[in-house]
Amino acid sequence: MLQMKDVSKVYRTEMVETHAVRDLTLEVRAGEFVAVTGPSGSGKTTFLNIAGLLEDLSGGEYKLDGVDVKGLDDRTRSKLRNEKIGFVFQSFNLIPDLNLFDNVDVPLRYRKLARGERHKRIETALERVGLASRKRHYPAELSGGQQQRVAIARAIAGEPTLLLADEPTGNLDSQMAREVMQLLEDLNAQGTIVVIVTHDPEIAARAHRNIHIVDGVASDVERAPSLSQAV
Amino acid sequence: MFAYDLDLARRSLRRNPGLTLLMIVAIGFGVGASMTTLTVLHVLSADPIPGKSQKLHNVQLDPREADGYIMGQEPANQLTRSDAEALLRDHKADRQAIMTGGSVAVEPQRPGLSPLRIRGRWTSTEFFPMFDVPFLTGSGWTADDDTAHARVAVISKPLAEKLFGSIDVVGFTMRMESTEIRVIGVIDDWHPEPHFFDLSMGAYNVNEQLYVPWTTSRDLKLGHDGEMTCWGEEKGDQLDAGAPCIWIQYWVELASDAKAAAYYDYLVNYSLEQFRKGRYRRPPNVRLRTVTDWLDSENVVPSDAKLQTWVALSFLVVCLVNTVGLLLTKFLRRSAEIGVRRALGASRGAIFTQLLVEASMIGVGGGAFGLLLAWLGLWAVRHQPTNYSALAELDLPMLGATFAIALGSSLLAGVFPAWRGCQIAPALQLKSH
């Protein structure tokens, strides 16, 4: 599903050249739940941005679901991102002016689905995260955990094959964090690939596999025994 | 998607009503000022006789003294009586009319009304078909009437109503300068603006209500209004046939460019002949201008109207620059939302369109406000003591132009901020919010 080979990302200014990611080679397969760990500034988020087609890579090769993304124009990248990828962010990133229904509707609008199809998907996604009854509420009226569940509903409404989560529990208390993790695990159990960036060893331990990034280099790959046997 | 963009624009504009109002007011003031002055300019520079303005030509000759002659200089802008009558006799154009303006006292037939001072035009038979004068009843006079110095007149609808209380007055007589004159036609309200065929009485708001054959007017020694330039020693009446005075307008209708060229050659030959005879002291100096060229050469549109338009358009630019700044601030403040939308699948093009739709909604608001201001501005112009003030009305084309300018301006103002907005790097925004 996600194949990176010798991927590098360099940020250049007039004075400095920063290698955020270098020679990153990894593969995430269908059905996997992968945690990306590493210290702050190690390149985890850059990896996630490249994986999510939010940033271009400086070198190497990246194939998403068999499509070589290097050199794709903005329109094609956006379409690919919309159809294949769901995002969950640490700070939820819900649009405050839109109610829950309309927030979940955002990615579906860019897919140009028919109204009936969109409504069905929104209802289903909100039901899945247990917030269907609050669809007319606004983000500010919800707790942090509820907001993150809405963000997950928004991410899954488009039925992506890959869910990228950047510290999804970072702003939540432990009870809410557990609920959110349970939700992500349920989604993974139903076939969605989940790649989660985290600092939290407890969360990393729940993944099938950990990818450890230090100084932009994926230095350590551990495979969970159960998945190792399965693959 | 357009409906979605409209809905997002509506929500966004409602989020900061103060800022939205400020932008609408800025565009509205710019559009209002521009439309007020552009409407005045549009009215002043309008084609007074659409469809015929390229066929009708004003004749200029140069019978003036040799003193002060400079090669290539503009000839006199009116004709002498002898030249105009000679051209009329030659009858070389498809249609032609000699004319001048004047005022006469008319004695009403209805009891209780005092004599009226009426502005009129002393002209020849082809004036009416040449200028498409609209008749309500009756018709103009014939060439025979011209020859016979007939005591006939064509009058305007308001004058007919004033004098006789009706417009069915063909055959009625009226007293003018102690002479009985028979009414043979009543014309509808007809005021070509500008009053192109005689600018010597002012270009606008010239209200002529009476038309009398040229020959009759000379018999009755009807007076002359407007510019008159004479040279040489003063001998006798300035309105006499041989007087060295220019005070007559002469218009011809020529159906094609070839005919216009031939008529021009005729005028040159006529001038040359007069020069050889010693009557003209200057070599042939002729102009044969269409209505449009004639109005341009006479600078009919007041220079202050042009200046005001430039000032107002500059003001619109200032308003737009301010709106660009406000839109830029507004869009960049929504970087986080734009980042989220990009992450969720919006292309740069989709974001650009969304932001431009929002800018055009401001344009529609600005257009509506600008229209109100333009209406108020034109109301103020109509109360100014200028001869064209009464014409300052917003017509349908200018109404359309108001909205086109407002929408075009706001789209123009929205392009740069929208472009900046769609360039926002989503990755940076998603991490920082």
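Residues numbered from 1 in each chain as written. Chains lettered and ligands numbered in written order. Predicted model: local features only at pLDDT ≥ 70, side-chain atom pairs only at ≥ 80, totals over all residues.

> So what exactly am I meant to see when it comes to the packing of helix α2 (residues 17-44) of chain B against helix α12 (residues 348-382) of chain B here?
Helix packing geometry: the angle between the two helix axes and the distance between the axes. Residues and elements named next belong to chain B. Close contact between α2 and α12 brings their axes to 6 Å; oriented N to C, the two are set at 40 degrees. One way to sum up the angle between α2 and α12 is to call them oblique. When the axes of α2 and α12 are compared, the crossing they make is right-handed. (Axes fitted to C-alpha atoms, helices over the stretch in contact; angles between N-to-C directions. Helix = DSSP H or I, 4+ residues; strand = E, 2+ residues; numbered from the N terminus. Parallel < 35°, antiparallel > 145°, perpendicular 65-115°, else oblique. Left-handed = near helix turned anticlockwise from the far one by under 90°.)

> Got a minute to help me understand the domain arrangement of chain B in this structure?
Interface size is often expressed as the accessible area that is lost when the parts come together. Residue and element names in this part refer to chain B. Here the domain parsing of chain B yields domain 1 (2-45 + 302-432) and domain 2 (56-297). Computed from C-alpha atoms alone, the centre-to-centre distance between domain 1 and domain 2 is 49 Å. Contacts between the two partners involve four residues from domain 1 and, on the opposite side, four residues from domain 2. (Domains from an automatic or database assignment. Contact = placed C-beta atoms within 7 Å.)

> What is the right way to read the nonpolar core from this model?
The tendency in soluble globular proteins is for nonpolar side chains to be buried side by side. In this structure, Ala 153, Val 195 and Ile 196 of chain A are the most contacted members of the largest nonpolar core, which totals 116 residues. In terms of residue count, α12 of chain B provides more of this core than any other element does, 14 residues in total. Non-local contacts of Ile 196 of chain A, meaning those with residues more than four positions away in its chain, are made with Ala 35, Val 36, Ala 165, Pro 168, Leu 184, Ile 203 and Ala 207 of chain A. (Core = buried A, V, L, I, M, F, W, Y, C linked by C-beta atoms within 7 Å. Buried ≥ 20, exposed ≤ 12 C-beta atoms within 10 Å, placed from the backbone.)

> Would you mind showing me how to read the interface of chain B and chain A here?
Listed by partner, the interface residues are 20 residues for chain B and 22 residues for chain A. Mapped onto the side of chain B that touches chain A, the elements with two or more residues apiece are α1 (2-15), α11 (335-343), α12 and α14 (426-432) of chain B. Classifying every residue of the side of chain B that touches chain A gives 10 nonpolar, four polar and six charged. (Nonpolar A, V, L, I, M, F, W, Y, C, P; charged D, E, K, R; others polar.)

> So what exactly am I meant to see when it comes to the pairing of strand β2 (residues 17-28) of chain A here?
Consecutive side chains along a regular strand alternate between the two faces of the sheet. All names here are of chain A. Note: strand β1 (residues 2-12) against β2, eight bridges, orientation antiparallel. Paired with Met 4 across the strands is Leu 26, a residue of β2. Connecting the antiparallel pair β1 and β2 is a turn made up of four residues. (Pairing = 2+ DSSP bridges.)

> What is the right way to read helix α6 (residues 174-189) of chain A from this model?
Note that an α-helix has 3.6 residues per turn; residues three or four places apart therefore point the same way. Residue and element names in this part refer to chain A. Its 16 residues place the ends of α6 22 Å apart at the C-alpha level, agreeing with the 22 Å of an ideal helix rising 1.5 Å per residue. Here α6 has its buried residues at Ala 177, Val 180, Met 181, Leu 183, Leu 184, Leu 187 and Asn 188. One side of α6 carries all its buried residues, which in axial view fall inside an arc of 155 degrees. Relative to its buried face, α6 has exposed residues pointing more than 90 degrees away, namely Gln 175, Gln 182, Asp 186 and Ala 189. Residues of α6 that are buried make contact with β3 (33-37), α5 (144-157), β7 (162-166), β8 (193-197) and α7 (201-205). Following α6 by one or two positions, Gly 191 has its phi on the positive side, about 115 degrees. (Expected span 1.5 Å × (residues − 1). Arc of directions from axis to C-beta.)

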